[in-house]
Amino acid sequence: MPQENPPRDRRSEIIDIATGLFLQTGFAGTSISAVAAACGITKASLYHHFTGKDQLFAACVTHGYGTALEEVQNIARSDTDPETKLRRAIDVLYDVTVTSTVGKMSPLIAEVSHAFPGVAESFHQDYISPQENLILSIVDEGVEQGVFKTEDPRLLMHVLMGPIVTLSLSRQMFGALEDLDSYFPVKDLKDGHADMLIQSLKRGI
């Protein structure tokens, strides 16, 4: 008798528990056995959902990112003006990269990508590259409407994502500080970043 596909909510539960373990003990310090025990299942049951620790980690990294990508897609397709679209997209990027669980895992992503390049390649191909293309489509629309000037796509994405990733890593690096938000105020930095980026696009980045 063929085995039924595992329920989606059970998979999400495993991802949530595994994410907590990865954040607590790191990638190397988190074993499949530990994840299975924390989930109250056997290793065989866990392997029914994920083929190995690298696939489980990739699922933890991308959990929720698909929703963020869908939000940016909806923003890009909306009827609002390009500047408003770009600001709204930047809000989503800050949320998913800085304040979400994905943001908390930024240092681990950097660590694991060297040992498992397939994880990094998949993450970039399935999420980062489509995200960049959507942002560029918003900017291209602004160029067509005369709101923005012609941009260098590679430079634009570095100017956009560089500060976001740096903020995410910085907040994790200094996460023990009691006044973390005074050192790294996400909303103020996000708003300032969006203002500078848009002004640069209007002048021609």
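Residues numbered from 1 in each chain as written. Predicted model: local features only at pLDDT ≥ 70, side-chain atom pairs only at ≥ 80, totals over all residues. Heavy atoms only, no water.

**Q** Honestly, a nonpolar patch on the surface in this entry has me stumped. Any pointers?
**A** Together, M173, F174, L177 and Y183 make up an exposed nonpolar region whose accessible area comes to about 440 Å². Among the structural elements, F174 can be located in the loop between α10 (153-173) and α11 (180-183). Residue classification places F174 among the partly exposed positions, given a relative accessible area of 37%. (Patch = residues over 30% accessible without salt bridge, like charges linked within 9 Å, V, L, I, M, F, W, Y side chains within 5 Å. Areas by Shrake-Rupley, 256 points an atom, 1.4 Å probe, with all protein chains shown as cover. Salt bridge = Lys/Arg side-chain N within 4 Å of Asp/Glu carboxyl O. Helix = DSSP H or I, 4+ residues; strand = E, 2+ residues; numbered from the N terminus. Buried < 20%, exposed > 50% of the residue type's maximum accessible area, 1.4 Å probe, protein only.)

**Q** Would you mind showing me how to read helix α12 (residues 186-203) here?
**A** Because each turn of an α-helix spans 3.6 residues, side chains separated by three or four positions end up pointing in the same direction. Given a rise of 1.5 Å per residue, 18 residues ought to cover 26 Å, and the 26 Å separating the end C-alpha atoms of α12 matches this to within 8%. Burial in α12 covers these residues: V186, K190, H193, A194, L197, I198, S200 and L201. Projection of α12 onto a plane perpendicular to its axis shows the buried side chains occupying an angular sector of 160 degrees, all on one side. Opposite its buried face, α12 presents the exposed residues D188, M196 and R203, each directed more than 90 degrees away. Contact partners of the buried residues in α12: α6 (82-99), α9 (117-144) and α10. (Expected span 1.5 Å × (residues − 1). Arc of directions from axis to C-beta. Contact = heavy atoms within 4.5 Å.)

**Q** Got a minute to help me understand the side chain of S78 in this structure?
**A** In this structure, S78 sits in the loop between α5 (65-77) and α6. In this structure the side chain of S78 is engaged in a polar contact, spanning 3.0 Å, whose partner is the side chain of T80. In contact with S78, not counting residues within four places along its chain, are K85 and R88. (Polar contact = N/O pair within 3.5 Å; in protein donor to acceptor, adjacent residues only side chain to side chain.)

Limitation: the analysis is restricted to geometry and does not speak to function.
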